[in-house]
Amino acid sequence: MAQKYRIYINDNTLFITHELPAEIGKIQQIEAEGFDFRSFYKNLKNSKQKHYLLLTKSPQSVFKKIKNDLTIIKAAGGLVTNAKGEFLFIFRNKKWDLPKGKVEKGEKMKVAAVREVEEECGVKIEQRNERVCKTYHVYEIGNDLILKRTNWYHMTVKGSPKLIPQVEEGITEAAWIAPYEIKAKIKNTYPLIIDVLKSEKLL
């Protein structure tokens, strides 16, 4: 089975796949032959289109080429539930988000995911379960293009503990959100976070 990749670039999405994604409506197809990601990224600033499709028989090869041209940062985060079945959300940079952070040198992704959640929200994770999904996000640091790969894991806590947002990380609020409240929160979140929630069939 061919691999499928979805790269988020601000509010834009680049699909690299062997078939047309069923869930996307208006999408602009781009030529696979001679594709240069840096040129594509630069031209996004002058484009009004949000979704782009690169159809290829070898998505894995195209994605590998992109990875080799960018600086890779590994991150990990959690989709955390409490005893009431509520989900842990944070409010950072004026948007609702899920707790996550960079993996430290020599640290395992699974360990980093738990550490970041505990640090950012002041909770103790009781159990870390299987990976929910992984996401890819491209952004700039100075003149450098970064590809952040984030592994997301489902986690649980005992009871419904009080949350302490890590203010020094720009988190102004941490909250337990009931499933029926999630749709209201995603009106002000990132497409990447919506993807994580869809992976768990919460949307």
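Quick caveat, the model's predicted, so the values are computed rather than measured.

Scoring rules and cut-offs
Residues numbered from 1 in each chain as written. Predicted model: local features only at pLDDT ≥ 70, side-chain atom pairs only at ≥ 80, totals over all residues. Heavy atoms only, no water. Buried < 20%, exposed > 50% of the residue type's maximum accessible area, 1.4 Å probe, protein only. Helix = DSSP H or I, 4+ residues; strand = E, 2+ residues; numbered from the N terminus. Arc of directions from axis to C-beta. Contact = heavy atoms within 4.5 Å. Salt bridge = Lys/Arg side-chain N within 4 Å of Asp/Glu carboxyl O. Polar contact = N/O pair within 3.5 Å; in protein donor to acceptor, adjacent residues only side chain to side chain. Disulfide = S-S within 2.5 Å. Phe/Tyr/Trp six-rings, centres within 6.5 Å; stacked < 30°, edge-to-face > 60°. Core = buried A, V, L, I, M, F, W, Y, C linked by side-chain atoms within 4.5 Å.

Q: Would you take a moment to explain helix H1 (residues 37-44) for this structure?
A: Note on helix geometry: an α-helix contains 3.6 residues per turn, so any two residues three or four positions apart are oriented the same way. Looking only at H1, the buried set comprises Phe 37, Phe 40, Tyr 41 and Leu 44. The buried side chains of H1 occupy one side of the element, clustering within an arc of 100° when seen end-on. On its buried side, H1 packs onto strand E1 (5-9), strand E2 (12-17), strand E4 (51-55), helix H2 (59-69), strand E9 (127-141) and strand E10 (144-156).

Q: Looking at this model, I keep getting lost on the pattern of salt bridges. Mind explaining?
A: A pair can form between side chains of opposite charge whenever their charged atoms are brought close. Here the structure, examined in full by the defined rule, presents eleven salt bridges. Residue Glu 140 is joined to Lys 45 by a salt bridge in which the shortest nitrogen-to-oxygen separation is 3.8 Å. Taken together, the positions of Glu 140 in strand E9 and Lys 45 in the loop between H1 and E4 put the pair 95 residues apart, joining distant regions of the chain. Given the relative accessible area of 40%, Glu 140 is considered partly exposed. Between Glu 118 and Lys 124 there is a salt bridge, and its shortest N-O distance comes to 4.0 Å. With a relative accessible area of 22%, Glu 118 lands in the partly exposed category. Here Lys 124 falls in the exposed class, since its relative accessible area comes to 64%.

Q: Can you walk me through the side chain of Asn 151 in this structure?
A: In this structure, Asn 151 sits in strand E10. Using a relative accessible area of 3% as the deciding quantity, one classes Asn 151 as buried. Side-chain polar atoms of Asn 151 contact the side chain of Arg 149, separated by 3.2 Å. Residues in contact with Asn 151, not counting those within four places in the same chain, are Ala 75, Ala 76, Gly 77, Met 109, Arg 131, Cys 133 and Lys 134.

Q: Hey, could you run me through the state of the cysteines in this one?
A: Structurally, a disulfide amounts to a covalent bond that connects the sulfur atoms of two cysteines. What the rule picks out here adds up to zero disulfides. A disulfide-free cysteine, Cys 121 has its sulfur positioned 18 Å from the sulfur of Cys 133, the nearest such atom. Overall, the relative accessible area of 13% leaves Cys 133 in the buried class.

Q: What am I meant to see in unusual backbone geometry here?
A: The bulk of non-glycine residues show a negative phi, and the bulk of peptide bonds are trans. Non-glycine residue Asn 10 carries a positive phi angle of around 55°. Tracing the backbone through its elements, the reader meets Asn 10 in the loop between E1 and E2. Classification of Asn 10 by relative accessible area gives exposed; the value is 52%. For Lys 94, which is not glycine, the phi torsion reads 65° and is therefore positive. On the secondary structure map, Lys 94 appears in the loop between strand E6 (87-92) and strand E7 (95-97). Residue classification places Lys 94 among the exposed positions, given a relative accessible area of 71%.

Q: Just checking my understanding: could you explain the packing of aromatic side chains for this structure?
A: Given two aromatic rings, one states the distance between the centres and the angle between the planes to describe the pair. Following the criterion strictly, the structure yields nine aromatic pairs and no others. Aromatic pair Phe 37 and Tyr 41: ring centres 6.5 Å apart, planes at 35°, arrangement tilted. Residue Phe 37 and its partner Tyr 41 are both found in helix H1; the two are separated by four residues, about one turn of the helix. Side by side, Phe 37 and Tyr 41 carry an identical accessibility label, which is buried. Judged by centre distance (5.2 Å) and plane angle (85°), the rings of Phe 40 and Tyr 52 are edge-to-face. Separated by twelve residues along the polypeptide, Phe 40 in helix H1 and Tyr 52 in strand E4 bring together distant segments of the chain. Looking at Phe 40, the relative accessible area reads 10%, which means it is buried. Here the aromatic residues Phe 35, Phe 37, Phe 40, Tyr 41 and Tyr 52 are joined through ring pairs into a cluster of three or more.

Q: Where do I start with the nonpolar core in this structure?
A: Taken as a class, soluble globular proteins show a tendency for nonpolar side chains to be buried jointly. Counting 21 residues, the largest nonpolar core has Ile 7, Ile 9, Leu 14, Ile 16, Phe 37, Phe 40 and Val 138 as the members making the most contacts within it. Among the elements of the structure, E1, E2, H1, E4, H2, E9 and E10 are those that each provide at least two residues to this core. Among the elements that take part in this core, H1 stands out by supplying four residues, more than any other. Contact partners of Phe 40, with chain neighbours within four places excluded, come to Ile 9, Leu 14, Ile 30, Phe 35 and Tyr 52.

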